[in-house]
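Analysis of the macromolecular model
So you can see what is in the structure, the chains are spelled out below.
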Amino acid sequence: QVQLVESGGGLVQAGGSLRLSCAASGRTFTDYAMGWFRQAPGKEREAVADVSWSGATTNYAESVKGRFTISRDNTKNLVYLQMNSLKPDDTAVYYCAARLTSSTEYRYWGQGTQVTVSS
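Residues numbered from 1 in each chain as written. Predicted model: local features only at pLDDT ≥ 70, side-chain atom pairs only at ≥ 80, totals over all residues. Heavy atoms only, no water.

Details of the packing of aromatic side chains
Heads up, the rule is: Each Phe, Tyr or Trp ring (for Trp, its six-membered ring) is paired with any other whose centre lies within 6.5 Å, and the angle between the two planes then decides the class: stacked below 30 degrees, edge-to-face above 60, tilted in between. Helix and strand assignments come from DSSP, with helices taken as H or I runs of at least 4 residues and strands as E runs of at least 2, each series counted from the N terminus. Buried, partly exposed and exposed residues are distinguished by accessible area as a fraction of the type maximum, computed with a 1.4 Å probe on protein chains only: under 20%, between the cut-offs, and over 50%, respectively. By definition here, charges over rings are those cases where NZ of Lys or CZ of Arg is within 6 Å of the ring centre and within 35 degrees of the ring normal.
Following the criterion strictly, the structure yields four aromatic pairs and no others. Between Phe37 and Tyr106, the aromatic rings sit 5.0 Å apart at their centres with planes inclined by 80°, giving edge-to-face as the arrangement. Here Tyr106 lies in the loop between β9 (92-100) and β10 (108-109) and Phe37 lies in strand β4 (residues 32-39), a separation of 69 residues in the sequence. Both residues of the pair, Phe37 and Tyr106, count as buried. On the numbers, 4.8 Å between centres and 55° between planes, the contact of Phe37 with Trp109 is tilted. Residue Phe37 is located in strand β4, and its partner Trp109 is located in strand β10; the two are separated by 72 residues in the primary sequence. Overall, the relative accessible area of 28% leaves Trp109 in the partly exposed class. Ring pairing ties together the aromatic residues Phe37, Tyr106 and Trp109, which thus form one cluster. For the cation-ring pair, Arg45 lies above Phe37, with the distance from its terminal atom to the ring centre recorded as 5.9 Å.

A short note on the state of the cysteines
As used here, a disulfide is simply a covalent bond connecting the sulfur atoms of two cysteines. The cut-off we apply is this: Two cysteine sulfurs form what is called a disulfide whenever their separation falls within 2.5 Å.
All chains considered together, the criterion is met by one disulfide. With a sulfur-sulfur separation of 2.1 Å, Cys22 is cross-linked through a disulfide to Cys96. Judged by the sign of its S-S torsion, about -75°, the cystine formed by Cys22 and Cys96 is left-handed. Here the residue Cys22 occupies a position in strand β3 (residues 18-25), and Cys96 occupies one in strand β9, the gap between them amounting to 74 residues. Both residues of the pair, Cys22 and Cys96, belong to the buried class.

Regarding unusual backbone geometry
Non-glycine residue Asn77 carries a positive phi angle of around 55°. Mapped onto the elements, Asn77 comes out in the loop between β7 (68-73) and β8 (78-83). Assessed through its relative accessible area of 23%, Asn77 is described here as partly exposed. Within the chain, Ser85 stands out as a residue other than glycine whose phi angle is a positive 50°.

Shown next, in the form of structure tokens:
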């Protein structure tokens, strides 16, 4: 079992920045690749970014490339999502998730943190 707790959400003006954090506990952190997802009202959940167990490989949705950066600190069991140049379309609940490196399924999810970008 892996427990994930997100923090760092809030209200920001368009063009601003936020950094989300996700604290993991319960299992060996480096057994897991980590991802950030988001879900806006009335929309399906979408993948935003993911990072390999070592942090060496990252992937991003086209909509956030060049603006968001995912990273992890394996000494602290933390994953970050640095979000710059925020747009109103980035408004959503953001979720942290974990999957075993041998799996394609994200099995563990946090409770989510709200990000609201005002125009």
